[in-house]
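If you want the building blocks of each chain, they are given just below.
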Amino acid sequence: IQEAIKEAKKHPPPPRPKADRDKLRAEGNLLFSRGEFMKARDTFSLILFEQPKNAEILANRSACFSALASSPELKSMHGGGEGAKQIANLATFDATNAIESNPSYGKGWYSLFRAYCALKEYSHAMITLMRAKKSCPGDEDLEELFKIFKKYKVTKHSGPNAIPDEALPWNQKP
């Protein structure tokens, strides 16, 4: 098996044409909007296999992990706590890589913020917002998050109950 793996690495498949990657990205976005987070994650992973430093796709997959970590289904399974934490940690990993790939990409910062919120680590979320403000001045989505944190008087010293889940934009029902 090891020989087969070595041989496969010598002759990787050709990269997908841009049009195919764009189609996969659109499909992943559609799946995410439908709440099919695992399928969306898998779709974004296909793109990342070929473009591991694509900040947009890393941020998208991070959002999938954050949504999965916060899902009621996961929370009800085995108490949800440890599994949700592991999934949220994957979200922070992807979001951090998105920011490293493109520090001025606001969605990367937003994804890292969302991951910390999934972990209930509001102090890290606040620090992320402060760093994001320097990297992405005037980003409207990040400004909205600042307003929410200001409303609930969240600081970098706040604990896990600093803000109700329903106050966060991704938890609000239309």
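These notes cover the structure that comes with them. In this text, all values refer to a predicted model and were calculated from it rather than measured experimentally.

**Side note on the nonpolar core**
One finds Phe113, Cys117, Tyr122, Leu129, Leu142, Phe149 and Ile163 to be the most contacted residues of the largest nonpolar core, which totals 26 residues. Those elements giving two or more residues to this core turn out to be α6 (81-101), α7 (106-118), α8 (122-135) and α9 (140-151). Among all residues touching Ile163, those that are not within four sequence positions of it are Tyr122, Ile148, Phe149, Tyr152, Val154 and Leu168. Ala40, Ala55, Ile57 and Leu58 belong to the second-largest nonpolar core, a separate cluster that totals 12 residues.

**Concerning the packing of α6 against α7**
Axis separation between α6 and α7 bottoms out at 8 Å; the angle between their running directions is 160°. As summarised for this structure, α6 and α7 are arranged roughly antiparallel, according to the angle between their axes. The handedness of the crossing between α6 and α7 is left-handed. Listed contacts from α7 to Ala88, Ala91, Thr92, Ala95, Thr96, Ala98 and Ile99 of α6 are Gly108, Trp109, Ser111, Leu112, Ala115, Tyr116 and Ala118. In terms of residue class, the contact of α6 with α7 is built from 10 nonpolar, 4 polar and no charged.

**So, the side chain of Asp94**
Along the chain, the position of Asp94 falls in helix α6. On the accessibility criterion, Asp94 (1% relative accessible area) is buried. With residues near it in sequence (within four places) discarded, Asp94 still touches Leu58, Arg61, Ser62 and Phe65.

Rules used in this analysis
Note on numbering: residues in each chain are counted from 1, in written sequence order. Where local features are concerned, this predicted model is filtered to residues with pLDDT of at least 70; where side-chain atom pairs are given and counted, the filter is 80 or more; whole-chain, interface and lining totals use all residues. To obtain the side-chain values, all non-hydrogen atoms of the structure were included, while hydrogens and water were left out. Buried Ala, Val, Leu, Ile, Met, Phe, Trp, Tyr and Cys residues that are joined via side-chain atoms within 4.5 Å together make up what is termed a nonpolar core. Burial status follows relative accessibility: with a 1.4 Å probe on protein chains alone, a residue under 20% of its type maximum counts as buried, one over 50% as exposed, and anything between as partly exposed. Going along the chain from the N terminus, every DSSP run of H or I of four or more residues is numbered as a helix, and every run of E of two or more is numbered as a strand. The contact criterion used throughout is that any non-hydrogen atoms of two residues lie within 4.5 Å. Only C-alpha atoms enter the line fits that serve as axes; for helices the fit covers just the stretch in contact. Angles between N-to-C directions range over 0 to 180 degrees. Just so you know how the angles are binned, under 35 degrees is roughly parallel, over 145 roughly antiparallel, 65 to 115 roughly perpendicular, and the rest oblique. Whether a crossing is left-handed or right-handed is set by the direction in which the near helix is turned from the far one by less than a right angle, anticlockwise for left-handed and clockwise for right-handed. Residues are grouped as follows: Ala, Val, Leu, Ile, Met, Phe, Trp, Tyr, Cys and Pro are nonpolar; Asp, Glu, Lys and Arg are charged; every other residue, Gly included, is polar.

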